[in-house]
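Chain by chain, the residues:
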Amino acid sequence: MNPEAQQDVSVSQRIRMMFYMMKPNETSFQILEEVPDYVKQATPFFISLMLLELVISWILKGKPPGRLDDALTSISAGVFSRLPSLFSRSIELTTYIYVWENYRLINLPWDSPWTWYLTFLGVDFGYYWFHRMAHEVNIMWAGHQTHHSSEDYNLSTALRQSVLQIYTSWMFYSPLALFIPPSVYAVHLQFNLLYQFWIHTEVTGKEVPFSSSVSHLLKIYAVVQFALMLAFYEETFADKAALSQATLLLRVCFIILTLTSIGFLLDQRPKAAVLETFRCLVFLMLYRIGHLKPLIPSLSFAFESQRERERERQTQAEGEAGSMHREPDVGFDPGSPGSRPGQRQALNRCATQGSQNV
């Protein structure tokens, strides 16, 4: 998928893609590089729908639809599942392209509505069998059980995806590569995932006890740090083309460390404070060596060391002092206070010798 193609996705399309209400003529692409990253485009709608669910739950039940720590865990799992795409293309697309380029039987037209609808049915059929096998085969359940590990059932649960699940799901879609172009498959693979988001809700269902054991200040701190992590996560995906592999790796490790530390804080683990302090020190270290930067540019001054500020003041002072003690120009006035005695005497001798010669 091509992040640069996202500017061609209208607001109407971004809303309709959440419910699979898209038309073939607006989502058909000739090559894979033209396919937008619809999942990334849906991020604002994930947040908006979860907030809407929260408001409706408060109105109907007087309580949130779930617990804060459980919701953050679900969103964290979603972040984890997307991190490998920073380094390489998804294995679901890589294996599909390999089968298409080496073993395809026929080449269906990419711009045909019939191809679009056939792919819709094929991807849904493949997902059905993958999901069923993921509940019946132990090794597949090991990767899929993350999605079912939540004690709540709300929209945030839809984001609780496993980072290992795609390493078993790709085989159920590979038969489509015998006749369906990769660009059409890539579109429906994303729509199939987005459609499953809004059905994960139980706003009018059974009430869930809300845990208040964690202090409100700690919850606020965890939410703020989680929001900053999400902004940093989005920025990393947006700038990944301009970042080195070392920077990407360090940023991924820092995201994982941040999510782990937030989980420790919400669980009130004994070592939570130590881990959070270590995370802050890691941030400062990565900032100093240039792999991280504050999300708010004006805050960068707060991370500058006293030594750097002293060095800047010293350099400025030396520059001002140098401008005050500059050498006089060639056409100086011999009698002026700024002229040097040696130069004045030399000029006087020249004037005396000249008068004697006359």
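Structure: see above.
All values reported here derive from a predicted model rather than from experimental measurement. (Residues numbered from 1 in each chain as written. Predicted model: local features only at pLDDT ≥ 70, side-chain atom pairs only at ≥ 80, totals over all residues. Heavy atoms only, no water.)

Asker: With reference to specific residues and values, describe the overall build of the protein.
Answerer: Tallying secondary structure elements over the protein gives 15 helices and zero strands in all. The buried share of the protein, taken over its 358 residues, is 37%. A total accessible area of about 21,200 Å² is found for the protein, and carbon and sulfur atoms account for 63% of it. (Helix = DSSP H or I, 4+ residues; strand = E, 2+ residues; numbered from the N terminus. Buried < 20%, exposed > 50% of the residue type's maximum accessible area, 1.4 Å probe, protein only. Areas by Shrake-Rupley, 256 points an atom, 1.4 Å probe, with all protein chains shown as cover.)

Asker: Please give an account of the side chain of Q196 that cites residues and values.
Answerer: Tracing the backbone shows Q196 in the loop between α10 (182-195) and α11 (216-238). For Q196, a relative accessible area of 14% corresponds to the buried category. The residues touching Q196, leaving out its near neighbours within four places in the chain, are Y127 and A158. (Contact = heavy atoms within 4.5 Å.)

Asker: Lay out the pattern of salt bridges with the relevant residues and their values.
Answerer: Tallied over the entire structure, the rule returns eight salt bridges. The partner of E26 in a salt bridge is R16, and the shortest N-O contact between them spans 2.8 Å. Taken together, the residues E26 in the loop between α1 (11-16) and α2 (38-41) and R16 in helix α1 connect sequence positions ten residues apart. Residue E26 is classed as partly exposed on the basis of its relative accessible area of 21%. The shortest N-O distance in the salt bridge between R67 and D70 comes to 3.5 Å. Its relative accessible area of 16% is what places R67 among the buried residues. Here D70 falls in the buried class, since its relative accessible area comes to 8%. (Salt bridge = Lys/Arg side-chain N within 4 Å of Asp/Glu carboxyl O.)

Asker: Provide a residue-level description of the layout of surface pockets, including the pertinent values.
Answerer: Its boundaries defined by the atoms lining it, the second largest pocket holds a volume of some 630 Å³. Lining the second largest pocket are 24 residues, and of these M50, L51, L54, L68 and A71 sit closest to its centre. Listed by contribution, the elements that provide at least two residues to the lining of the second largest pocket are α3 (43-61), α4 (68-82), α8 (155-158) and α11. With six residues, the top contributor of residues to the lining of the second largest pocket is α3. (1 Å grid on protein atoms, 1.4 Å probe; cavity = no way out; pocket = protein on both sides within 12 Å on 5 of 7 lines; lining within 4 Å. Points joined across faces, edges and corners; volume = space filled by probe spheres on them.)

Asker: I'd love a proper account of the environment of H144, names of residues and values included.
Answerer: With respect to the helices and strands, the residue H144 is situated in helix α7 (residues 138-144). Residue H144 is classed as buried on the basis of its relative accessible area, which comes to 1%. Between the C-alpha atom of H144 and that of I166, which follows or precedes it by 22 residues, the distance is 9.3 Å. When sequence neighbours within four positions are dropped, the list of residues in contact with H144 reads H131, A134, H135 and Q165.

Asker: Could you give an account of the packing of helix α12 (residues 245-267) against helix α13 (residues 272-288), naming the residues involved and the relevant values?
Answerer: Direction vectors running N to C along α12 and α13 enclose 155 degrees, while the axes themselves pass 9 Å from each other. Between α12 and α13, the interaxial angle falls into the category roughly antiparallel. Pair α12 / α13 crosses with left-handed handedness. For the pair α12 and α13, the contacting residues are L250, F254, L257, T258, T260, S261, F264 and L265 in the first and A272, L275, E276, F278, R279, V282, F283 and L286 in the second. Considered class by class, the residues forming the contact of α12 with α13 number eleven nonpolar, three polar and two charged. (Axes fitted to C-alpha atoms, helices over the stretch in contact; angles between N-to-C directions. Parallel < 35°, antiparallel > 145°, perpendicular 65-115°, else oblique. Left-handed = near helix turned anticlockwise from the far one by under 90°. Nonpolar A, V, L, I, M, F, W, Y, C, P; charged D, E, K, R; others polar.)

Asker: Please set out the packing of helix α5 (residues 91-103) against α10 residue by residue, giving values where relevant.
Answerer: At a minimum axis separation of 10 Å, α5 and α10 run at an interaxial angle of 155 degrees. Classified by the interaxial angle, the pair formed by α5 and α10 is roughly antiparallel. Viewed along their axes, α5 and α10 form a crossing whose handedness is right-handed. From α5, E92, L93, Y96, I97 and W100 reach across to α10, where they touch P182, Y185, A186 and L189.

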